[in-house]
Amino acid sequence: MSRKTPRDPATLAVDKLNIFEAEPELARLSAELARHDVLYHQKDAPEISDAVYDALKRRHEALARRFPSLVRADGPQSRVGAAPAAGFAKHRHAVPMLSLDNAFSDDDVREFIERIRRFLGLAESEPLAFSAEPKIDGLSISLRYERGRFVRGATRGDGEEGEDVTANLRTIADVPRALKGRHWPDVVELRGEIYMSRADFDALNDQRRRDDEPVFANPRNAAAGSVRQLDPSVTAGRPLRFFGYAWGEVSARDWATHTDFLARLRHWGVPTNSATEACVGVDALLAYYARIQAERPRLAYDIDGVVYKVDRLDWQDRLGFVSRSPRWAIAHKFPAEQARTRLKAIGIQVGRTGALTPVAELEPITVGGVVVGRATLHNEDEIERKDVRVGDMVIVQRAGDVIPQILGIVPEERPRNARRFVFPQVCPVCGSNAVRGEGEVVRRCTGGLTCPAQATERLKHFVSRGAFDIEGLGDKHIDAFFTDRLIERPGDIFRLHKRAAAIAGREGWGEKSVERLLASIEARRSIALDRFIFALGIRQVGEATAKLLARHYLSLESWRQAMQAAAKDPDGEAARALENIHQIGPSVAKDIRDFFAETHNRDTIADLARELDVQDAARPRASGSPIAGKTVVFTGGLETLTRQEAKARAEALGANVAGSVSKRTDYVIAGSDAGSKLTKARELGLTILTEQEWLALIGT
Ligand code: IVH
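Computed from a predicted model, the values in this text were never measured in an experiment.

Draft legend 1. Helix H12 (residues 452-463), seen in detail. End to end, H12 covers 17 Å across 12 residues, agreeing with the expected 16 Å (1.5 Å per residue, within 8%). Every buried residue of H12 is accounted for by Ala453, Gln454, Ala455, Thr456, Arg458, Leu459, Lys460, His461, Phe462 and Val463.

Below, the structure is given as structure tokens:
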């Protein structure tokens, strides 16, 4: 059938469009959504309501599902910071929200200070001042002020991307709508903790009991739950408070110390914690810790430790960060809370790498404000060492967010018939032999991916938050889809659209929820290399290591080839290069090689590579850096920098710092008394720089 006048695709329902009309319509929607994303997220000047935006987005998704061949990898489904159809809009932090390293003992604190002194090369006599503050147990939040007015507030999320909860934060009296005084930078992001006082928490729970509503486990959960309400009027009814203690993006920073910054906050009308103190030296810090710990029961709010921050910002700047936390701050945690309860049974969990982990099933007990029903027993040696038996009265410990642990037993309360626990020698899930490698504490199932527990745990890891982060594909869905063979290996997730009908017929699934799931899967078809690497679930390769690998190898193809070469020849160049990456080391390198030595793992990657668009890694902080991508080696003593500082700075500029010289080394920086590395560099004819030449090269 021919038509005289072409139809306007924008006026037609999705199911009425043919592929020729769909193509320009998809492009139009894509461009529209991109424009509104910028207006909303970057310019704070939306032109359309959320509902209209959602309708555009739904139309785009529906069209993309009907004509998958037309979907472009850079379409709105792959953009970060685009508003999701429901819930909160995602917000990408201009400056990441980091976490803190922990100290659990006085010695940890001493080491922390020593590390700083070494890094900065401070003389013994040089005083080192800290700001010491209570560590509030709440929800960290970032508040953006432009020309003194509050314009945006977001949760921490994964540190890179949180949720936009602006409307809810506007209901909190402690969050000023406008900064007081003058002299605020044009743009300043204030960071701190939203919390609920203990008294307010008790009153809220009393009310909820009266209203027959579920109570909150502790003030932190109550605060977090209240901030993440879709209806701001609910948040408005919750007694939330705020303390400021840090900053993110700032257009001009004119404070020289952390103490100055806190004074500035107070001047602007932002609450700060009055228990903050300046402390010089380790003894002062430890005395502060003891004092706050003694006051803890009488404080109006929950805290889980104290935080020490180097006061001078020029030193903070030099110290910089190690992966996710600053070198210039540490959280000194209070000892974990403990309680006693009865051990009902010992179960065995099989993890994604086959590790058999004993889990204690407990009579539920409240520890530090949270009901605990299970706790880890670590491994078989631990059970043996503590002689833990089913029926025992056990001591349970919980610290922060870590999994509760069994510390030991109460021997006097052991039932007479309690028997020693016999650790299984076969996998309780697949029946394969479970073995312990030489010198290893962990017993592992040898079933590999034939073991359903390993296969499903790997899939769960694959879709988890730091990995592919596929919304709507939770643990129970993975278990069910695996049982019914809809998803057996990671690549199957991206072929699930071909089985849409089979899913829609299942219990709990309607057409709408299947559509939503498929859309969130499609949104992840394009993925950053570091997330991809992390998702594979290689032993010891967490998010930070995955980032290192991505930054080093840059593309999936070059990483894959290098790892295969390293697996084939553990003494070859590729294996040495892998081990030489700063912070990787022999043990992690071996786990990576072992992973690549297995055919099924190589197949999994090849299968995924066909389904996905894995984006090359960029070096954001290193753009324009003269040493980005270069391999450098330091040798001999440096004069103006400590070795550690030199290394950290080179890495921040995108260089790879290696421990030994090879023909792949781009620069050797030779300080005083450089020895064999310098000789070798000369033999290889490498570029050798003095410290001054190096500093000139990197522009300092
Ligand atoms: S400073 C880059 N100061 O602790 C450092 N954090 O474990 C930013 N927290 O995510 C954090 N009280 O939610 C800092 N006085 C305090 C704090 C504090 C509580 C929380 C915060 C952070 C977490 C890190």
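Draft legend 2. Region of the structure containing the packing of aromatic side chains. This structure, assessed with the given rule, holds 19 aromatic pairs. Ring centres 6.3 Å apart and planes at 85° place the aromatic pair phenylalanine 421 and phenylalanine 423 in the edge-to-face group. Aromatic rings pair up to connect Trp247, Trp255, Phe261 and Trp268 into one cluster.

Draft legend 3. Examining the site of the ligand more closely. Taken together, Leu98, Leu100, Glu133, Pro134, Lys135, Ile136, Ser140, Glu193, Tyr245, Val307, Lys309 and Pro326 form the complete shell of residues around the ligand. Between the ligand and proline 134, the relevant distance is 3.4 Å, taken from a nitrogen atom to a main-chain nitrogen or oxygen of the residue. Within the contact set of the ligand, a nitrogen atom lies 3.1 Å away from a backbone nitrogen or oxygen of isoleucine 136. The protein chains hide 87% of the 530 Å² of surface that the ligand would expose on its own. Breaking the shell around the ligand down by element, the ones donating at least two residues are strand S3 (129-136) and strand S10 (303-310).

Draft legend 4. A look at the side chain of asparagine 273. Along the chain, the position of asparagine 273 falls in the loop between helix H8 (258-267) and strand S9 (277-280). A distance of 3.1 Å separates the side chain of asparagine 273 from the side chain of tyrosine 301, its partner in a polar contact. Among residues more than four places away in sequence, those in contact with asparagine 273 are Pro134, Ile136, Phe243 and Tyr301.

Draft legend 5. Layout of the confidence of the model for the protein chain. Mean pLDDT over the protein chain stands at 88; residues scoring 70 or higher make up 93%. Every residue in residues 77-86 is under pLDDT 50, and counting partners more than four places away or in other chains gives 33 contacts.

Draft legend 6. Structural detail: the sheet that holds strand S24 (residues 656-657). The parallel open sheet is built from four strands, whose spatial order is S24-S23-S25-S26. Strand pairing shows two members of the sheet lacking a second neighbour, S24 and strand S26 (687-689), which therefore form its edges. For strand S23 (residues 631-635) and strand S25 (residues 667-670), the ladder comprises four bridges, and the chain directions are parallel. Counted as the bridge partner of threonine 635 is alanine 670 from S25.

Draft legend 7. Inspection of the sheet that holds strand S8 (residues 241-250) at higher detail. Reading across from one edge, S5-S4-S7-S8 is the order of the four strands in this open sheet, with antiparallel pairing throughout. Each having just a single partner strand, strand S5 (149-155) and S8 make up the two edges of the open sheet. For this sheet, the mean angle separating the axes of adjacent strands, direction not counted, is 30°. Sheet topology places strand S4 (residues 139-146) next to strand S7 (residues 187-195); eight bridges connect them, and they run antiparallel. If you follow arginine 144 over to S7, its bridge partner there is glutamate 189. In the packing of helix H6 (residues 219-227) onto the sheet, the strands contacted are S4, S5 and S7, and the crossing angle to S4 comes to about 40°.

Draft legend 8. Structural detail: the pattern of salt bridges. In total, this model carries 57 salt bridges according to the counting rule given. For aspartate 137, the salt bridge identified is with arginine 220, shortest N-O distance 3.2 Å. Residue aspartate 137 is found in the loop between S3 and S4, and its partner arginine 220 is found in helix H6; the two are separated by 83 residues along the sequence. In this structure aspartate 137 comes out as partly exposed when scored by relative accessible area, which is 23%. Ionic pairing is found between aspartate 174 and arginine 241, a salt bridge with its closest N-O pair at 3.0 Å. Highlighted residues: aspartate 174 in the loop between helix H4 (166-169) and S7 and arginine 241 in strand S8, separated in sequence by 67 residues. We classify aspartate 174 as buried; its relative accessible area is 14%.

The rules behind these values
- Residues numbered from 1 in each chain as written.
- Predicted model: local features only at pLDDT ≥ 70, side-chain atom pairs only at ≥ 80, totals over all residues.
- Heavy atoms only, no water.
- Helix = DSSP H or I, 4+ residues; strand = E, 2+ residues; numbered from the N terminus.
- Expected span 1.5 Å × (residues − 1).
- Buried < 20%, exposed > 50% of the residue type's maximum accessible area, 1.4 Å probe, protein only.
- Phe/Tyr/Trp six-rings, centres within 6.5 Å; stacked < 30°, edge-to-face > 60°.
- Near = heavy atom within 4 Å.
- Polar contact = N/O pair within 3.5 Å; in protein donor to acceptor, adjacent residues only side chain to side chain.
- Areas by Shrake-Rupley, 256 points an atom, 1.4 Å probe, with all protein chains shown as cover.
- Contact = heavy atoms within 4.5 Å.
- pLDDT = per-residue confidence, 0-100.
- Pairing = 2+ DSSP bridges.
- Axes fitted to C-alpha atoms, helices over the stretch in contact; angles between N-to-C directions.
- Salt bridge = Lys/Arg side-chain N within 4 Å of Asp/Glu carboxyl O.

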